[in-house]
Amino acid sequence: MASSSSGDLMNERKRKRMVSNRESARRSRMKKKKHLDDLMSQVEQLKEENIKIITSINATIQNYATVEAENNVLRAQMMELNQRLHSLNDILSYISNNGTTLFEDHNCPETLVNNPWNLMYQNQPIMASGMCFYHY
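Residues numbered from 1 in each chain as written. Predicted model: local features only at pLDDT ≥ 70, side-chain atom pairs only at ≥ 80, totals over all residues. Heavy atoms only, no water.

As recorded in an unreviewed UniProt entry, the protein goes by the name Bzip transcription factor 11, listed as coming from Nicotiana attenuata.

Peer 1: Explain the overall build of the protein here, please?
Peer 2: From N to C terminus, the protein includes 2 helices and 0 strands. When the 136 residues of the protein are sorted by exposure, 6% land in the buried category. Here the contacts in the protein between residues at least 6 apart in sequence split such that 60% fall between residues at least 24 apart. Approximately 12000 Å² of the protein is accessible, and the part contributed by carbon and sulfur atoms is 59%. (Helix = DSSP H or I, 4+ residues; strand = E, 2+ residues; numbered from the N terminus. Buried < 20%, exposed > 50% of the residue type's maximum accessible area, 1.4 Å probe, protein only. Contact = heavy atoms within 4.5 Å. Areas by Shrake-Rupley, 256 points an atom, 1.4 Å probe, with all protein chains shown as cover.)

Peer 1: Explanation requested: the pattern of salt bridges in the structure shown.
Peer 2: Enumeration according to the criterion identifies 8 salt bridges in this entry. In this structure, Lys-34 and Asp-38 form a salt bridge, with 3.1 Å as the shortest nitrogen-oxygen distance. Note that Lys-34 and Asp-38 are positioned in helix H1 (residues 2-98) at a spacing of 4 residues, about one turn of the helix. For Asp-38, a relative accessible area of 41% puts it in the partly exposed group. The shortest N-O distance in the salt bridge between Lys-47 and Glu-44 comes to 3.9 Å. You can see Lys-47 and its partner Glu-44 sitting in helix H1, 3 residues apart, about one turn around the helix. Look at Glu-44 and you get partly exposed, because its relative accessible area is 42%. Here the salt bridges do not stand alone but share partners, grouping Glu-23, Arg-26 and Arg-27 into one network. (Salt bridge = Lys/Arg side-chain N within 4 Å of Asp/Glu carboxyl O.)

Peer 1: When you look at a positive patch on the surface in this model, what are you seeing that I'm missing?
Peer 2: Among the surface-exposed residues, Arg-13, Lys-14, Lys-16 and Arg-17 lie close enough to one another that they form a single positively charged patch. Among the structural elements, Lys-14 can be located in helix H1. (Patch = residues over 30% accessible without salt bridge, like charges linked within 9 Å, V, L, I, M, F, W, Y side chains within 5 Å. Lys, Arg positive; Asp, Glu negative; His and termini not counted. Charge placed at Lys NZ, Arg CZ, Asp CG, Glu CD.)

Peer 1: What is the right way to look at the side chain of Glu-80 in this model?
Peer 2: Looking at the secondary structure, you find Glu-80 in helix H1. In terms of polar contacts, Glu-80 uses its side chain to reach the side chain of Arg-84, at 2.7 Å. (Polar contact = N/O pair within 3.5 Å; in protein donor to acceptor, adjacent residues only side chain to side chain.)

And the structure:
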């Protein structure tokens, strides 16, 4: 009877250990599943952030290209205006150094006498449109 009682006690301990192990394994699986779910949620959140960042980068690149094209147009206009200013300064210098007007000079070509503004456009650059700087 003592051996039967001690056997029952051992069986009871064994059964409790089995139940405890099963419960522990179940908690472990639940914990692992929750961790996996959290990681999957984080992956989705990071994908959304990544899309927003890429969209922002693309908009910034487009803005940069637009500003760069505008700057190129402004540089071309600045060069043209500098050349015109230089030409006008040359005319003023010629007039003030010779004491006569350019158009009283007998060596002056006939086209300049008839239309003195032609002088300003002799060596002027061709103006580029801003659209030539866009890349398609």
